[in-house]
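What follows is each chain in one-letter form.
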Amino acid sequence: ASFNENTWKGLQDAAAELGVEATFLESQSQADYELNITEFAEQGYDMIITVGFLLGDATYKMAAQYPDVKFAIVDYPSDPSLTNLAGILFNVDEASFPVGYVAAAAADQNDPADPQVGYIGGMQIPPVEQFIVAYEEGVKYYNAKYGKKVKFTGVYVGDFEAPDQGKNQANSLIDEGVDVIMGVGGKTGNGGIAAAKERGKLGVGVDVDQYFTLPNEKDILVTSTLKRLDKAVFNTIKAAVEGAFPGGSNYIATLANEGVGVGPFHDQEALIPANVVTDLADIQAKIIAGELCTGWPEPCAPAAGSIGTPDNPIKVLFVPSVDAQVIVSGGEIMKQALEEATGFSYEVVVPTSYAATIEEMCAAPDRSIGFIPGLGYVLANQLCGVDVSFKAIRFGWDVYWAQLLVQRDSDIQTLADLEGKTWGYPDAGSTSGYLAVLPMLAAAGVEIPEGNRVETGGHTGSVRAVYNGEVDFSSSFFSPPLKPDPAWARGDAPDIPDDILDTCAPNADGSRLFCGPGQEWRVLDARAGLRQEAPDVVQKTRILAISPDIPNDTLSFSPDFPADVRAQIEAALVAFAETDAWDTSIGNQDFYGWTGLSPATDEEYDVVRQMIELSGMTMEDLGQ
């Protein structure tokens, strides 16, 4: 591998220039470490250099046993008590940060619609993590500077000698959209770069300029993170020859002493914009001056006064559609998870209304995120440019529907039959209970006079109104029934089959509404809300029609939210959604009942825009 080859070059250079005798032994397993070191020590070698973090324990032990032999170890710190042992360390993060910046620019140029940067790591040990942490910080820095959304992802394989595994994992990343892959971990990482070549993607090398060590892949390499082992090893040997061996301390390779660096762009030079080349010089100068955090060994703290600090926390806004105390307690659980994952500070806020939520997002354009329904999102987008990120998944669906209910024995059979009838609806601001119905009625050529429209005060109230015969039909939300395989699918009948209607009833504690001899079907539409008051609600009402798909509630960001911080929060939310804690937060059915997250685009909410246009709704209609 290039790591060992470059170290060996340092010994060969020392042999040529300093007149020392150089040789090597290759360990096939950890069991060989002490044996090989012992063999050299017993043969009378004056200095033994071990290569790699994994040899740390064996090197310490042997250095103590052979105090007259000088030892040096690559990628492992010295022990002040072992004056015959020197560590050879690399501030590789100083080079990996600007390389990450370049990789982000390359991904952005290569795939501007969905740029993604990835890595294939060997074992998850500090010298490998040091590359990757700073590499990601460089991507974040690019996003922050240019307002981009380059994503970052990767995999640790757990082995340095597994090129096939590296290739397989890289192919999975490429399948998910990754455009640039850095291979960090010997043959395993090289396997990742090989996959990038085969799939027409880009690669980033490590340790040496891999343009010269990977001839099959050299044309797709953007650059390499240079870890100049040859120079560090040569300088350490030279110090020993000259009587200045740094035993008990470390040789540190840095950008300043050219012990680490950024490799040439070679065949990909035309891909990197001139402004990025200029930026690169500035970035390296700032790192050398200590003015830029690389994320290693400690995470970068937010700058004073920037968003996400205790004195300027990120606002997490929740629409007050359920009990405020439930929102606050569940929101605090989410806040804790986000703070642990991102290091930023957050504040849970429950405004007094939909309108107040939107207004607060617009009033804090660079530091607020909001869990707001599609209707609120569209109005917020129109008002100040609030941007959607995710939509809710509920019971496997990232969309929902409006339903029109009539009494089961009603002679109303089609939407056209609604002409001249009385309509019960929750309120004029309800998407599924009112707005989504307007396009349905318009398409059917049905007009309901204002005098025939009855506001029922809620979805359950709408079900009650048609159940009691107070209106001819009503509108409310529809969620598909949970049923035995096959699961409900678009195009299936929305209602419970006639042959099991007489079995529909609440369960023993009244918490749910089931149908079927063995309670195989669970009713999830708005009728379930009337189950205790009217256990026969399904037998007495039927679904006349449901609306086209309506995208679910959103997680949206304020218009000027920093792209790099947003990317971190998005990643943290995706991870949080996979934990049990999610179910005690926004996943709680007493909270918003989000069972998951799905990526969302602004275009998906054009259907909501149509509803707003037909209704003439404005922010004022949402109330204060």
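As shown above, the structure is provided for reference.
Residues numbered from 1 in each chain as written. Predicted model: local features only at pLDDT ≥ 70, side-chain atom pairs only at ≥ 80, totals over all residues. Heavy atoms only, no water.

Peer 1: Looking at this structure, I do not really get the packing of helix α5 (residues 126-146) against helix α17 (residues 563-576). What am I missing?
Peer 2: The relative placement of two packed helices is expressed as an angle between their axes plus a distance between the axes. Following both chains from N to C, one finds α5 and α17 inclined at 130°, their axes separated by 7 Å at the closest point. Taken together, the axis directions place α5 and α17 in an arrangement best described as oblique. Counting all contacts with α5, which are made through Lys 140, Asn 143 and Ala 144, the residues of α17 involved are Ala 563, Asp 564 and Gln 568. Partitioned by chemical class, the residues of the contact of α5 with α17 number two nonpolar, two polar and two charged. (Axes fitted to C-alpha atoms, helices over the stretch in contact; angles between N-to-C directions. Helix = DSSP H or I, 4+ residues; strand = E, 2+ residues; numbered from the N terminus. Parallel < 35°, antiparallel > 145°, perpendicular 65-115°, else oblique. Contact = heavy atoms within 4.5 Å. Nonpolar A, V, L, I, M, F, W, Y, C, P; charged D, E, K, R; others polar.)

Peer 1: When you look at the packing of helix α4 (residues 93-110) against α5 in this model, what are you seeing that I'm missing?
Peer 2: For the pair α4 and α5, the least separation of the axes is 6 Å and the interaxial angle reads 50°. In terms of orientation, α4 and α5 fall into the oblique class. Pair α4 / α5 crosses with right-handed handedness. Where α4 approaches α5, its residues Asp 93, Ser 96, Phe 97, Val 99, Gly 100, Tyr 101, Ala 103, Ala 104, Ala 105 and Asp 108 are matched on the opposing element by Gln 130, Phe 131, Ala 134, Tyr 135, Glu 137, Gly 138, Val 139, Tyr 141, Tyr 142, Lys 145 and Tyr 146. Classifying every residue of the contact of α4 with α5 by side-chain character gives 13 nonpolar, four polar and four charged. (Left-handed = near helix turned anticlockwise from the far one by under 90°.)

Peer 1: Even after reading the chapter, I still don't get the sheet that holds strand β1 (residues 47-51), so can you show me in this structure?
Peer 2: Where strands meet in a sheet, backbone hydrogen bonds hold them as pairs that are either parallel or antiparallel. Taking strand neighbours across the sheet as the criterion, the four strands line up as β1-β2-β3-β9 in an open arrangement whose pairing is parallel. Lying at the two open borders of the sheet, with one neighbouring strand each, are β1 and β9 (250-253). The mean inter-strand angle of the sheet, taken between neighbouring strand axes irrespective of direction, is 15°. By the bridge criterion, five bridges tie β1 to strand β2 (residues 70-74) in an arrangement that is parallel. In the strand pairing of β2, Val 51 is matched with Val 74. (Pairing = 2+ DSSP bridges.)

Peer 1: What am I meant to see in the state of the cysteines here?
Peer 2: Disulfide: a covalent bond connecting the sulfur atoms of a pair of cysteines. Using the criterion set out here, one finds three disulfides in the structure. Between the sulfur of Cys 293 and that of Cys 300 lies a disulfide, 2.0 Å long from S to S. Between Cys 293 and Cys 300, the S-S dihedral sits near -95°, and the bridge is therefore left-handed. Residue Cys 293 is classed as partly exposed on the basis of its relative accessible area, which comes to 34%. (Disulfide = S-S within 2.5 Å. Buried < 20%, exposed > 50% of the residue type's maximum accessible area, 1.4 Å probe, protein only.)

Peer 1: Is there a simple way to explain the nonpolar core in this structure?
Peer 2: A general trend in soluble globular proteins is that nonpolar side chains are found buried together. Counting residues in hydrophobic clusters, the biggest one holds 70 residues, and the most contacted among them are Phe 318, Met 334, Phe 371, Trp 423, Ile 569, Tyr 592 and Trp 594. Those residues in contact with Phe 318 that lie beyond four places of it in its chain are Ile 327, Gly 331, Met 334, Val 348, Val 349, Val 350, Pro 351, Thr 357, Phe 371, Phe 591 and Tyr 592. Counting residues in hydrophobic clusters, the runner-up holds 59 residues, among them Ala 95, Ala 104, Ala 105 and Ala 107. (Core = buried A, V, L, I, M, F, W, Y, C linked by side-chain atoms within 4.5 Å.)

Peer 1: How should I be thinking about the side chain of Thr 225 in this particular structure?
Peer 2: Turning to its location among the elements, Thr 225 is positioned in strand β8 (residues 221-227). Other than its neighbours up to four places away in sequence, Thr 225 contacts Val 92, Ala 95, Ser 96, Val 99, Phe 131, Met 182, Gly 205, Val 206, Asp 207, Val 208 and Gly 261.

Peer 1: Would you take a moment to explain the sheet that holds strand β14 (residues 387-393) for this structure?
Peer 2: Across the sheet, six strands lie side by side as β12-β11-β13-β24-β14-β25; this open sheet has mixed pairing. The open sheet is flanked by β12 (346-349) and β25 (596-599), the only strands paired with a single partner. For this sheet, the mean inter-axis angle between neighbouring strands, taken without regard to orientation, is 25°. As defined by bridge partners, β14 adjoins β25 across four bridges and the pair is classed as antiparallel. In the strand pairing of β25, Phe 390 is matched with Pro 599. Here helix α10 (residues 324-342) sits on the sheet in contact with β11 (314-318), β12 and β13 (368-372), set at roughly 165° to β12. Along the sheet, helix α11 (residues 354-363) contacts β11, β12, β13 and β24 (554-557); its crossing angle with β13, the most-contacted strand, is approximately 160°.

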